[in-house]
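Spelled out from the first residue to the last, the chains are:
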Amino acid sequence: METLYITHPACRLHEMGQWHPECPARLDAINDQLLASGLLDFLREVQAPQAQRADLLRVHTAQYLDYLQAHAPAQGYFELDPDTLLNAHTLEAAQVAAGAGLAAVDAIMQGQAATAFCAVRPPGHHARPGQAMGFCIYNNIAVAVAYALDKYALQRVAVIDFDVHHGNGTEEMFAGDERVLMCSFFQHPFYPGSGAPPAAPNMLNIPVQAYTGGDMLRQIVSDVWLPRLEAFRPEFVFISAGFDAHREDDMGQLSMSDADYAWITEQVVALADVTAQGRVASFLEGGYNLSALGRSAAAHVRALAKL
Ligand SMILES: [Zn+2]
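Keep in mind that this is a model prediction, so the values were computed, not measured. (Residues numbered from 1 in each chain as written. Predicted model: local features only at pLDDT ≥ 70, side-chain atom pairs only at ≥ 80, totals over all residues. Heavy atoms only, no water.)

## Some thoughts on the coordination of the zinc ion
Surrounding the zinc ion are the protein donor atoms Asp163 (OD), Asp163 (OD), His165 (ND1) and Asp244 (OD), which sit 2.0 to 2.8 Å from the metal. Between the four donor atoms coordinating the zinc ion, the angles at the centre fall across 52 to 151°, so the site counts as irregular. Each donor residue of the zinc ion belongs to the same chain, and together they define the spacing D-x1-H-x78-D. Of this pair, His165 sits in the loop between strand S6 (157-161) and helix H6 (168-174) while Asp244 sits in the loop between strand S9 (236-241) and helix H8 (258-275), placing them 79 residues apart in sequence. A relative accessible area of 9% means that His165 is categorised as buried. (Donors = N, O, S within 2.8 Å, 3.2 Å for Na, K, Ca; no water. Tetrahedral: all angles 85-135°; square planar, octahedral: opposite > 155°, others 65-115°. Helix = DSSP H or I, 4+ residues; strand = E, 2+ residues; numbered from the N terminus. Buried < 20%, exposed > 50% of the residue type's maximum accessible area, 1.4 Å probe, protein only.)

## Some thoughts on the UniProt feature "domain: Histone deacetylase" (unreviewed entry) in the protein chain
Sequence positions flagged by UniProt for "domain: Histone deacetylase" (unreviewed entry) are, in local numbering, residues 20-304. End C-alpha to end C-alpha, residues 20-304 measures 29 Å, and it is 41% helix and 16% strand. (UniProt positions renumbered as here; feature names shortened; annotations may be inferred.)

## Thoughts on helix H3 (residues 62-71)
Within H3, the full set of buried residues consists of Tyr64, Leu65 and Leu68. End-on view of H3: buried residues confined to an arc of 100°, all on one side of the axis. Seen from the open side of H3, the exposed residues pointing more than 90 degrees away from its buried face are Gln63, Gln69 and Ala70. Looking at the buried side of H3, the elements it contacts are helix H2 (53-56), strand S3 (78-81), strand S4 (84-86) and helix H4 (90-109). (Arc of directions from axis to C-beta. Contact = heavy atoms within 4.5 Å.)

Written as structure tokens, this is what we have:
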């Protein structure tokens, strides 16, 4: 069974200024590593479709979607918050970034692929129902989770989030929804300040101090995440794959290595093999040191594809 590599040229057209770390070169860094490592030969590249308004409305408010449409600039930037800007191409990019997850869910649920990596930007996990935040416009993973629950009537879906930042938007959208178990670790106290305590019992949030190393993070996965996931028996596993917890990434102060990303992914894939018929869809979130991002994402994709 194949692993899909889902992306779109429009994701490179969204940019927020020369100074901004969430830049188009991030996707090039990942593609370059997949190419240089030979992994690309084993993936099926798919162009992401556009998410429709009805897909976005499962997790976002109509007012928010209208607000974005009304403020999309023909040129230059519109500032949603000091770190999150619209350019002329942002909404097209965000629409295919969210659409990538829909294509992943359909292909995996229909048995055309086992796993998928969505190499998309803008990222998603900070986006709230009615507010852009932290470089995120639409909550890509949440749009896909809601679609999987709705269209395929899944009863149990897991969300894994190993970005250095807490996925506040995803938590807000699924807190108290017993069909979803979200497992995350994140640097705390740190941006965006949420997550400790969790918003509901279905949020397995593990806040960790700055400078926590990969060994400790692996132990959290083994001792805390996996027992809960094994008991929950998800039918589909979604991953918010942020690579900004890497020790070379100065956006955060955690100390993950390329090998730690591979190891965590292997654990999640093994769990999915037991409970979820191997169904895993992963979404690019953070990761701003381009070298570390490319290497870590390649290690992650290699584990997703079992290569
Ligand atoms: Zn992040």
